[in-house]
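Working through the structure, step by step
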Amino acid sequence: METSEIIALVSGANRGIGLAIAAGLARHKGVHVLLGCRQLDRGKAASAPLQAEGLRVTPVQLDTTDEASVSALAALIEQEYGRLDSLVNNAGIGLDYHPTLSVIERMQQTLDVNVVGTLRLTEAMAPLLAKSTRPRIVNVSSELSSFGMRADPNWAYSEIKLPTYAASKAAVNSLTVSYADQLKDKGFKVNAVCPGYTATEATNFSGTRTPEQAAVIAIHFALLDDEGPSGIFVSEAQQLPW
Ligand SMILES: NC(=O)c1ccc[n+]([C@@H]2O[C@H](COP(=O)([O-])OP(=O)(O)OC[C@H]3O[C@@H](n4cnc5c(N)ncnc54)[C@H](OP(=O)(O)O)[C@@H]3O)[C@@H](O)[C@H]2O)c1
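Attention here is on the structure that accompanies the text. Predicted model only: the values in this text are computed from it and were never measured.

The rules behind these values
- Residues numbered from 1 in each chain as written.
- Predicted model: local features only at pLDDT ≥ 70, side-chain atom pairs only at ≥ 80, totals over all residues.
- Heavy atoms only, no water.
- Helix = DSSP H or I, 4+ residues; strand = E, 2+ residues; numbered from the N terminus.
- Rg over C-alpha atoms; globule rule 2.2 N^0.38 Å.
- Buried < 20%, exposed > 50% of the residue type's maximum accessible area, 1.4 Å probe, protein only.
- Pairing = 2+ DSSP bridges.
- Phe/Tyr/Trp six-rings, centres within 6.5 Å; stacked < 30°, edge-to-face > 60°.

Overview of the overall build of the protein
Per the secondary structure count, the protein includes 7 helices and 7 strands. Shown N-terminal to C-terminal, the secondary structure of the protein runs as helices and strands in the order β-α-β-α-β-α-β-α-β-α-α-β-α-β. Its C-alpha atoms give the protein a radius of gyration of 17 Å, near enough to 18 Å, the size a compact globule of 242 residues would have. Each principal axis of the C-alpha atoms in the protein carries an extent, and together these give about 50 × 40 × 30 Å. Scored against the burial criterion, the 242 residues of the protein give a buried share of 51%.

Here it is as structure tokens:
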């Protein structure tokens, strides 16, 4: 490892917005990206074209719902790199349209990935981030969770009803505020971003933005300079109300 290299970890990086965030980060000079993927084979397949471009990307096994997977990855990062500079909590699911699960099951499974998984990965990586001179955490949220936006009758997405998904991302937003406060004395910047409505498997490719467009805001906050904000919620267009 080069000492000046930035080590970044992106969860859910084998496809969709996570893959675009990983690729976009790796295109920044001096950034080495670890692609956290539940299925390592899919991570290797996603990494191959990026590696062929000469980008510094390494697929790593990561299931954020699995304590053993998360702690094994923390041990690997400690051993190989000695620290982590940027963590992008991108892995996420939405089950509101699931055809067979009850609403209780949708809520429980969604919380397990989006909230507990984000918490588990953040807790495991915080000691490694604390060894960085510029620790950054980006939580990929959604404006669908914003109480402020939802209260506006003219909001563009007021007809979209995703109650369990929205509740889970509201909890992610709350964790963002808590971690920004808890970690501020160690120089961390912890922010939540909304990538916008994006064409990925999660939206049946109906989103209006490309994964590359969606990735821009997360990449910016993963590489945020020391003057940048902490504890805010933003989209590419604007700061969002919680
Ligand atoms: N698409 C949008 O319009 C939109 C808008 C706002 C926010 N977001 C958020 O953006 C993030 C990425 O969404 P996307 O649209 O790119 O979704 P996607 O294409 O469905 O990709 C989700 C990624 O998360 C991974 N994942 C799921 N459960 C995981 C777990 N337990 N551990 C580790 N990885 C896990 C998936 O891995 P597998 O391939 O193994 O399933 C996949 O790599 C999510 O947090 C989503 O809520 C999306």
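Topic: the pairing of strand E6 (residues 189–193)
With respect to burial, E6 is a largely interior element, 5 of its 5 residues being buried. Because side chains alternate across E6, one face comprises the buried residues Lys189, Asn191 and Val193, and the other comprises Val190 and Ala192, equally buried. Sheet analysis places strand E5 (residues 136–140) next to E6, joined by 5 bridges and oriented parallel. Following the sheet pairing, valine 138 is matched in E6 by asparagine 191. Summarising the sheet, E6 and strand E7 (residues 233–234) pair through 2 bridges and their orientation is parallel. Within E7, the position partnered with alanine 192 by the bridge is phenylalanine 233.

Side note on the packing of aromatic side chains
Across all of its chains, the model carries 3 aromatic pairs by this definition. Ring plane angle 70° and centroid distance 6.3 Å describe the contact between tyrosine 157 and tyrosine 197, whose orientation is recorded as edge-to-face. Of the two residues, tyrosine 157 is situated in the loop between helix H5 (147–150) and helix H6 (163–182) and tyrosine 197 in the loop between E6 and helix H7 (211–222); the sequence distance between them amounts to 40 residues. The exposure class of tyrosine 157 is partly exposed, given its relative accessible area of 24%. Ring centres of phenylalanine 233 and tryptophan 242 lie 5.5 Å apart, and the angle between their planes is 15°; this geometry places the pair in the stacked category. Taken together, Trp155, Tyr157 and Tyr197 form an aromatic cluster joined through their ring pairs.

So far we have only geometry, and geometry alone does not tell us how the molecule works.
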